[in-house]
Structure formats: C-alpha cells, structure tokens
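Structural features, examined
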Amino acid sequence: MKLSFHGADRGVTGSCHMLEAASKRILIDCGMYQGSRELDEDNADPFGFDPAAVDIVLLTHAHLDHCGRLPLMVKRGFTGEIISTGATAELARLVMVDSAHLQEEDARFEAKRSNNRQPRAPLYSVIDALNATAKFGRTAQYDVPIELAPGLKATFVNAGHILGSACVFVEYAANGGRSTVLFSGDIGKAVDPLLKGPAKAPRTDAVVMETTYGNRNHRPLDASIEEFYQAVSETFTRGGNVVVPSFAVERAQELLHIISDGIAGNRIPPSVQVYVDSPMAISVTEVMERNLGDLLPEVAQHIRDGRDPFHFDGLHLTRDHAASMALNEIEKGAIIMAGSGMCTGGRIRHHLRHNLSRASASIVFVGFAAVGTLARKIIDGANEVTIFGEHVPVRAQIHTINGFSAHADQRELLAWHRDTAAARTFLVHGEEATMRTFAGLLAGTQVEMPELGQAFELG
Ligand SMILES: [Zn+2]
Ligand SMILES: [Zn+2]
C-alpha cells in the first residue's frame, strides 16, 4: 500500500489523504482549507493527483475541512463513488451546498467591488455541490466491513466527533500477507452531552491521526456548562445579550440541549429568548432527529417522548433574512447563536457588529478558532476589529469556553493512540507546534509529520 498526503499537513484544515492498493486509488476525505485568505486561495491549487483517476472517496465526516473540496473534485473530473455513513451523507449535502452558495455570494460581492479588476471566480457552484451529492454510493454501517476491491476492505468505526463521524480502518490482504492502516478522521471526546463517545480504536500497523488538541487538556464538561450558565446570568444582570458564534453542525444542537437543561434547572431565567439564526443549524437539527441511533440513549428517548431539547418555549429558529435582521434591534435578554463558528463569514458578523461595542454584551466562544480568523483575533484580545470594512471597538465581555470542543484532548488522543498499538504513526490535522508536542509524548512508534505531497510505502 502507498500512502500520500494532500492536505491538513502541518496544518489543521484541508484534510486529504490518498491510499493506493489493489490497483485502486482511494481518497480519505477531501476537505477545504480554512482560516485565512492565503489558505482560502490554496483551495484552488491543483490537488496533487488527477481527480479523474480516483476510484473511491471514503468520507470520515461532514465538516467542511473534510468534505469541502469534494464538489471541486467532481468539477475537475472525479466520477467515482463516495462512501460514508448515512448521517454523514445527509449532513455533507447541506454543508457542500451551503459552502457553494457562500462562494457564489462572495464572488458576486467581489465582482461588484472590483470595477475592472478580474474578480475571483467561485471555487465551485451550487450545481457542482449537487453533482457531488449524486456521487454518494454505498452507505457504511459502523463496524461492518465494505469491500473496495478483492482483498481490500474498509470498516467505519464510530469516532464520536459529530453525528455520523467515523474513523476508517483499511485492511489489505495479498500474497499471503496482511497490512492495515487506520485513519482517525476527527476524534470526539469521551463524554458528550448528545453523542455516544468514540469506539475503541482497532489495533493497526499504521495510523494517520489528527492532533488538533495534541498540546492540551480540556476542562471537564460540567465545569464548562457551569461557566456558560455563569456567563449568561452575568450578562443578563448587566442588561445585555449573549452572542455565541457556533458551528452549525453539532455545537448549536449541543448548546440548545444545555440551554433547555439550564431553563429546567433554574440556571437560566425562563424568560430567556433564544435565537438560532442559522438555516444550516436548523436543518442539521432535523437530520439529527432522523438519526437517533447515534445519540446517547437518554437523549434519543427524550426526543421520542416529545420532550425535545430542540424545541422549547422562547426558542426561535430564524431561517429567513428579515427575521435575522430584526435581531439587530434586540438589546438585552437574548442568546443569539449564528455561524460561522470562526466568524469568517455568515450572519454572526452582523451580530458581532451590533454587540461587540456594547459593554453589557457577552461574546461566548465555544469552539476551535484557527489562527488568522476574526474569532481568533477577538479571543486573543484585540481592542478593535474590522467587520464589513468598519472599525468596531471590542467592549463586550469575551468568554472562551474550551470544554465544549468536539475534539478529543491530549489525554484522550494518547489513550486512543495506545489502543491502536501502531508501529507507524503519521500526524496530521494540527498546527505544527502542537504536533511536535504530541509527537514527543508518543513512545514505541515511528512518528512522521508528513509535508504536503509526501508519499510513504506501507506494509
Ligand atoms: Zn471535524
Ligand atoms: Zn477536522
């Protein structure tokens, strides 16, 4: 087997790895680079392989940094099959179409501003995204091997990261020998308010592993929930709004669950008005309600009983634009959730423009923010930021609550790696310094930190 690296190499985003075995070219994820303008521009670069020559894509999960370049692959000639779990296929459809729509909007906006300069074309269109959707073939069930070619099979194992997420275990038997490689995808944390935790990693010869939080441990979830309730209560006492930039996939649902618990437990006043200002987040919630098997049994039971954490008094789901604009008039007592989580685009930028300069307001960050993003600048203590070309002073209280991460922390990553007993380890999906820290903690395995385009022979 030959393994080569085409994204998320010494960086967090753009996951894309290729495995060649049994005369098949198999891609594991084809995600988008995110975070800065330079990274954005990397998305249009050649893939480093011919998309038309790829037979199969195994998609670990529906986050944009894992599925975001699939429409571009199709646009550039990919005609093969995409295999994922059922929930991932449903979510990836939403994520890819949303991404295409945002790119078309950006391109229109730039064309308007650029006078006679050549405007940047969108990376792909909504049509390309729909064409990529049509490439989803077989549906993977957790722990049931799928044959990719004679002697070559892949098994999706629950990664506990977001709905439908998986690690992919590939086994290749030929000439009396057997070789295995495990792709971690993104690994979830052991305790999650909604999802079952990651399954035990299978033993493998080689592992390709994410290292997003390879340099630190999260606070326990209970402490993070407490911190969230505290931030809401202080903000409401000051007479402001709580603005939560949140990822539409998973984080928004997790927060709704925590807020509805908080209201039931008198930690959040029952008069609270909660706005989910994200058509994406609303659609994702619907997908979740159709895939109860992936949820913790008690959460699934609540939904079956109609005691739904996604529908409570005071909750408003705003799909349309006018309703979203109306939120700008609210000065206090609201929790407003909107995307994007890293504040690089989407409706959250409007809410930040209206609330960042209010000393009574709070901005509560509950997810990972890559270097260079607006979210990261605010988290790092900027006194002023630029939104829509306007200077906005930062007077609101800024909270960063790390325990909500959908990613395993250092301790959990090490435990996961120990279970693989892998002799070779390829670290990906992490900032370089983080990766080095994590590499220093691994023992009994040969560690590589591949560069873009690097290839290795396995087994
Ligand atoms: Zn992810
Ligand atoms: Zn990721």
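What comes next concerns the included structure. (Residues numbered from 1 in each chain as written. Chains lettered and ligands numbered in written order. Predicted model: local features only at pLDDT ≥ 70, side-chain atom pairs only at ≥ 80, totals over all residues. Heavy atoms only, no water.)

Of regular secondary structure, the protein chain possesses 14 helices and 22 strands. Relative to the compact-globule value of 23 Å for 459 residues, the protein chain shows a C-alpha radius of gyration of 22 Å, a close match. Sorting the 459 residues of the protein chain into buried and exposed places 57% on the buried side. Considering only contacts in the protein chain between residues 6 or more positions apart, those separated by 24 or more positions represent 74%. A total of about 18,500 Å² of accessible surface is found on the protein chain, and carbon and sulfur atoms cover 49% of it. Side chains of the protein chain carry 43 positive and 55 negative charges; the gap between the two charge centres is 2 Å. (Helix = DSSP H or I, 4+ residues; strand = E, 2+ residues; numbered from the N terminus. Rg over C-alpha atoms; globule rule 2.2 N^0.38 Å. Buried < 20%, exposed > 50% of the residue type's maximum accessible area, 1.4 Å probe, protein only. Contact = heavy atoms within 4.5 Å. Areas by Shrake-Rupley, 256 points an atom, 1.4 Å probe, with all protein chains shown as cover. Lys, Arg positive; Asp, Glu negative; His and termini not counted. Charge placed at Lys NZ, Arg CZ, Asp CG, Glu CD.)

Only His61 (NE2), His63 (ND1), His161 (NE2) and Asp186 (OD) from the protein coordinate the zinc ion (ligand 1), and they sit 2.1 to 2.3 Å from it. Separating the zinc ion (ligand 1) from the zinc ion (ligand 2) is a gap of 3.4 Å, which Asp186 spans by donating to each of them. Exposure class is identical for His61 and His63. Each is buried. (Donors = N, O, S within 2.8 Å, 3.2 Å for Na, K, Ca; no water.)

The next subject is the environment of Tyr213. Considering the arrangement of structural elements, one finds Tyr213 in the loop between β11 (206–210) and α6 (221–238). A sequence separation of 217 residues divides Tyr213 from Gly430, and the C-alpha atoms of the two residues are 7.5 Å apart. Excluding its chain neighbours within four sequence positions, the residues that come into contact with Tyr213 are His218, Phe368, Ser405, His407, Ala408, Asp409, Gln410, Leu413 and Thr434.

A regular strand carries its side chains on alternate faces of the sheet. One ladder, built from 5 bridges, connects strand β2 (residues 17–21) with strand β3 (residues 24–28); its direction is antiparallel. Across the sheet, residue His17 finds its bridge partner in β3, namely Ile28. What sits between the antiparallel neighbours β2 and β3 is a turn of 2 residues, in which Ala22 has the positive phi angle 50 degrees. Since β3 and strand β4 (residues 56–58) lie parallel, the crossover through helix α1 (residues 37–42) that links them has a hand, and here it is right-handed. (Pairing = 2+ DSSP bridges. Right-handed = clockwise from strand over helix to strand, strands pointing away.)

On to helix α13 (residues 410–420), then. By the burial criterion, the buried members of α13 are Gln410, Leu413, Leu414, Trp416, His417 and Thr420. Taken down its axis, α13 places every buried residue within 165 degrees of arc, on the same side. Residues Arg411 and Arg418 are exposed on α13 and point more than 90 degrees away from its buried face. Contacts from the buried residues of α13 go to β9 (166–174), β10 (177–183), β11, β20 (424–428) and α14 (432–439). Ala421 sits one or two residues past α13 and shows a positive phi near 50 degrees. (Arc of directions from axis to C-beta.)

Turning our attention to the coordination of the zinc ion (ligand 2). Within the first shell, the zinc ion (ligand 2) binds the protein through Asp65 (OD), His66 (NE2), Asp186 (OD) and His429 (NE2), at distances of 2.1 to 2.2 Å. Each of the 4 donor atoms around the zinc ion (ligand 2) contributes to a set of angles spanning 88 to 163 degrees, which defines the coordination as irregular. Mapped onto the sequence, the residues coordinating the zinc ion (ligand 2) show the spacing D-H-x119-D-x242-H. You can call Asp186 buried: its relative accessible area is 1%. (Tetrahedral: all angles 85-135°; square planar, octahedral: opposite > 155°, others 65-115°.)

The next subject is the nonpolar core. Phe228, Ile335 and Met337 are the most contacted members of the largest nonpolar core, which has 75 residues in total. In terms of residue count, the dominant contributor to this core is α6 (7 residues). Those residues in contact with Ile335 that lie beyond four places of it in its chain are Val232, Phe236, Val242, Val244, Ile259, Val272, Gln273, Val274 and Tyr275. Counting residues in each nonpolar core, the second largest holds 28 residues, with Leu3, Ile83, Phe156 and Phe183 among its members. (Core = buried A, V, L, I, M, F, W, Y, C linked by side-chain atoms within 4.5 Å.)

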